[in-house]
Each structure stands twice: as structure tokens, then as C-alpha cells.
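Listed below, chain by chain, are the residues.
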Amino acid sequence: MTVNLEVAEGVGTLRLDRPPMNALDVATQDRLKELAEEATRRDDVRAVVLYGGEKVFAAGADIKEMQAMDHTAMVLRARALQDSFTAVARIPKPVVAAVTGYALGGGCELALCADYRIASEDARLGQPEILLGLIPGAGGTQRLARLIGPSRAKDLIFTGRMVKADEALALGLVDRVVPAGEVYAQAHAWAAKLAQGPALALRAAKEAVDTGLETDIETGLAVERTWFAGLFATEDRERGMRSFVAEGPGKAKFL
């Protein structure tokens, strides 16, 4: 399989496994969607790590496969391409990308689907589609602009240039830069900590933030208000407040 889901201690690792560069061909896209939906359904998956291995995250689409596709073929495929990435973005649990080596084109777009990105010091990220006479097609024009702002996003998309990890950090494209050998461990630790948290509250927080970014503030506030009140019906809220009163902040156990 070109993508695998490995689950341990509440953390599901979505691992790309199509050496040498984890090129995202149609089969890999479809498998990614399938496993993202599985991670969404499974109660034993409480947080997710996106990972491509020690050497490379994902170097982009399978260009040879794409070259053989004409306009009609891509019209039929483009929605499925986007849907596979959207399935990752909509996992209602904390998702962290562990970015090693290259994350280009579709690889960068996949990293953008995470809630948090930890990159290796030797990582390289970018949207080079313009160099092929194309634009990003798996969400890059939308998620990148929302993450780092339209001007910075246009610079990367218009030029197709790669950025090193330090510039990606300065742009806000990644959130933490660590030595190459520590990327997965730190990403897993981030996910494992959140996997111990209140699952419904984390889901609510993610949906409220993401929905708010996609709509006007009044609608976003309505979503926040609905989730905020709704969480008062949960056992986790009772446990969290009871622990706070009895023991002080940060002591509640949610599992």
C-alpha cells in the first residue's frame, strides 16, 4: 500500500510509503482519502501524524501520470484530487504534519491540511506548479493564502520557488523547526499529548476555528456559541471542572 495507518496509544500515523519521493499518484490520493476517513471514524485514533518517512515528506504529484492526462481526464479527476486532501483537512481531531526533506506541490498542499507543522532543518517547501504551466490544484491557492496571507502566498505560487525551513518558519508556513532526526518524535509527542485531552472539546475547537476562517465573523461566532454551550452536556466538561475546583488547573484526566 502507498499509504498506511498505524495506530498506537491514541495516535494514528498516516504514513506515505511510495519511495523514493512519495509522488502522489491517483492510487495514493484515493488511499489517502480512504485512510483519512478511517482515522475520522475510529475511536482509538484521537490525534493524527502525517509522515512521509525520514528522507522525504512528499515531492508532489506523479508528473508522468499527469502528463498522460488530457483536459477531459483532469476535469473528471480534479474534484477527486481535492476531495482526498479535504478528507485529511476535515479529520475532526488534532493533526500534525512531520515534514522531512521535500514537501513540494501536492506534498506542500498535504502539509497545509494539518493543524500544525513540524519541519526538519533540511526541509524544503513550495508550490512549483507554475513551472509546469499550472497552478496548485489540491487546495494550495486557498489554504496557503489563509495560512500565510495572500501576498506571501502569491509570491510562492507565482514564482514556484522553494523555501528552506528557516524561511518557512518566518513565513508561518511551518510552526517549528527541529533537527532532522527529531521530526517524527516531536510530532508524535505533540499528537500524543493532545490524544490525552477532551476529544469533543478538541473537535469543537477545530471546527470553530476552521469554520470561522471560511465564513463571516457572525457565522463563526454562532458556531462557537453552539459548540461552547453544547460542551456543557459532556462528561469531559464535568470531569474538567470538577478537577479544576478540587485540584487546580491542568490536572484533569480525560481517558
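See the structure above.
Summarised in this report is the structure supplied together with it. What you are looking at is a predicted structure, and each value in this text was computed from that prediction instead of being measured.

### Quick look at the overall build of the chain
Looking only at helices and strands, the chain has 11 helices and nine strands in total. Its C-alpha atoms give the chain principal-axis dimensions of about 60 × 40 × 35 Å. The contacts in the chain between residues at least 6 apart in sequence include a share of 70% that link residues at least 24 apart. Seen as two clouds, the 31 positive and the 35 negative side-chain charges of the chain have centres 2 Å apart.

### Some points on a nonpolar patch on the surface
Taken together, the side chains of Met21, Tyr102 and Met162 present a nonpolar region at the surface, about 260 Å² in accessible area. Take Met21: its relative accessible area is 33%, and that puts it in the partly exposed class.

### A short note on the packing of aromatic side chains
Tallying each qualifying case throughout the model produces three aromatic pairs. For the pair Phe228 and Phe232, a centre-to-centre distance of 5.5 Å together with 75° between the ring planes defines the contact as edge-to-face.

### Here's the deal with the pairing of strand 3 (residues 47-51)
The buried fraction of strand 3 amounts to five of the five residues, a majority that puts the element mostly inside the structure. Here strand 3 shows two buried faces, one formed by Ala47, Val49 and Tyr51 and the other by Val48 and Leu50. Of the crossover connections in this fold, the one passing from strand 2 (residues 11-16) over helix 1 (residues 26-41) to the parallel strand 3 is right-handed. Relative to strand 4 (residues 95-99), strand 3 runs parallel, the two sharing four bridges. Across the sheet, Leu50 pairs through a bridge with Ala97, a residue of strand 4.

### Quick notes on the pattern of salt bridges
A complete count under the given rule lists 13 salt bridges for this structure. The closest approach of N and O atoms between Glu235 and Arg239, which form a salt bridge, is 2.5 Å. A residue pair is termed a helical-turn pair when its members lie 3 or 4 positions apart in one helix, as Glu235 and Arg239 do in helix 11 (residues 235-247) at four residues. One salt-bridge network, in which partners are shared between bridges, spans Arg18, Asp25 and Asp62.

### What about the nonpolar core?
Among the nonpolar cores identified, the biggest contains 45 residues, and Leu50, Phe57, Val99, Leu125 and Leu173 are the most heavily contacted of them. The biggest single contributor to this core is helix 3 (residues 71-89), with five residues.

### Comments concerning the sheet that holds strand 5 (residues 102-104)
Sheets are built from strands that pair by backbone hydrogen bonding, the pairs being arranged parallel or antiparallel. Strands sit in the order 5-7-8 across an open sheet of three strands; the sheet is mixed. With partners counted over all chains shown, the strands left at the sheet margins are strand 5 and strand 8 (162-164), one partner each. The mean angle between the axes of side-by-side strands here comes to 20°, regardless of whether they run parallel or antiparallel. Two strands pair when backbone bridges link them, and strand 7 (residues 124-126) and strand 8 are joined in this way by three bridges, in the antiparallel orientation.

### A look at the environment of Gly250
Relative to the assigned elements, Gly250 resides in the segment after helix 11. Sequence-wise, Gly250 and Tyr102 are 148 residues apart; in three dimensions their C-alpha atoms are separated by 37 Å.

### Notes on the environment of Asn22
Position of Asn22 among the secondary structure elements: in the loop between strand 2 and helix 1. Take Asn22: its relative accessible area is 4%, and that puts it in the buried class. With 98 residues separating them along the chain, Asn22 and Ser120 place their C-alpha atoms 17 Å apart.

### Considering the sheet that holds strand 3
One open sheet accounts for six strands, arranged 1-2-3-4-6-9; its pairing is mixed. Since the sheet does not close on itself, it has two edges, and those belong to strand 1 (3-8) and strand 9 (176-178), each with one partner. In this sheet, adjacent strand axes meet at a mean angle of 20° when their direction is disregarded. Together, strand 1, strand 2 and strand 3 form the strand contacts of helix 1, whose direction differs from that of strand 1 by roughly 20°.

### Observations concerning helix 8 (residues 183-195)
The end-to-end C-alpha distance of helix 8 is 18 Å, a good match for the 18 Å that 13 residues give at a rise of 1.5 Å each. Among the residues making up helix 8, those that are buried are Val183, Ala187, His188, Ala191 and Ala195. End-on, the buried residues of helix 8 take up no more than an arc of 115°, which puts them together on one face. Each element contacted by the buried residues of helix 8 is listed here: strand 1, strand 2, strand 3, strand 4, strand 6 (116-120) and strand 9.

### Some words on the pairing of strand 1
Where strand 1 meets strand 2, six bridges bridge the pair, whose relative direction is antiparallel. By the bridge assignment for strand 2, Val7 is matched with Gly12.

Analysis parameters
- Throughout this description, residue numbers start from 1 for each chain and increase along the sequence as written.
- Local features are withheld for residues below a pLDDT of 70 in this predicted model, meaning they are given only at 70 or higher, and side-chain atom pairs are given and counted only at 80 or more; totals for whole chains, interfaces and linings count all residues.
- Side-chain numbers come from the whole structure's heavy atoms, not from hydrogens or water.
- In this description a helix means any DSSP run of H or I spanning at least four residues, a strand means any run of E spanning at least two, and both kinds are numbered starting from the N terminus.
- Contacts between residues were defined by any pair of non-hydrogen atoms, one from each residue, lying within 4.5 Å.
- The charge count treats Lys and Arg as positive and Asp and Glu as negative. His and the chain ends do not count.
- The atoms used to mark charge sites are NZ of Lys, CZ of Arg, CG of Asp and CD of Glu.
- Any residue with relative accessible area above 30% and no salt bridge may belong to a patch, with like charges joined within 9 Å and the nonpolar Val, Leu, Ile, Met, Phe, Trp and Tyr side chains within 5 Å.
- The accessible surface values rely on the Shrake-Rupley method and a 1.4 Å probe; as for residues, cover is taken only from the protein chains in view.
- The term salt bridge refers to a pairing of a side-chain nitrogen on Lys or Arg with a carboxyl oxygen on Asp or Glu at a separation within 4 Å.
- Only protein chains enter the area calculation, which uses a 1.4 Å probe; residues under 20% of their type maximum are buried, those over 50% are exposed, and those in between are partly exposed.
- Aromatic contacts are taken between Phe, Tyr and Trp rings whose centres are within 6.5 Å, Trp giving its six-membered ring; a plane angle under 30 degrees counts as stacked, one over 60 as edge-to-face, and the others as tilted.
- By convention a crossover is right-handed if, when the strands point away from the viewer, the path from the first strand over the helix to the second runs clockwise.
- Two strands are said to pair when DSSP picks up at least two bridges between them.
- Only buried residues count toward a nonpolar core. Its members are Ala, Val, Leu, Ile, Met, Phe, Trp, Tyr and Cys residues joined through side-chain atoms within 4.5 Å.
- An axis is simply a line fitted to the C-alpha atoms; with a helix, the fit covers only the stretch in contact. Between two such axes, the angle follows the N-to-C directions and lies from 0 to 180 degrees.
- To estimate how far a helix should extend, the number of its residues minus one is multiplied by 1.5 Å.
- In this description, the arc belongs to the directions extending from the helix axis to the C-beta atoms.

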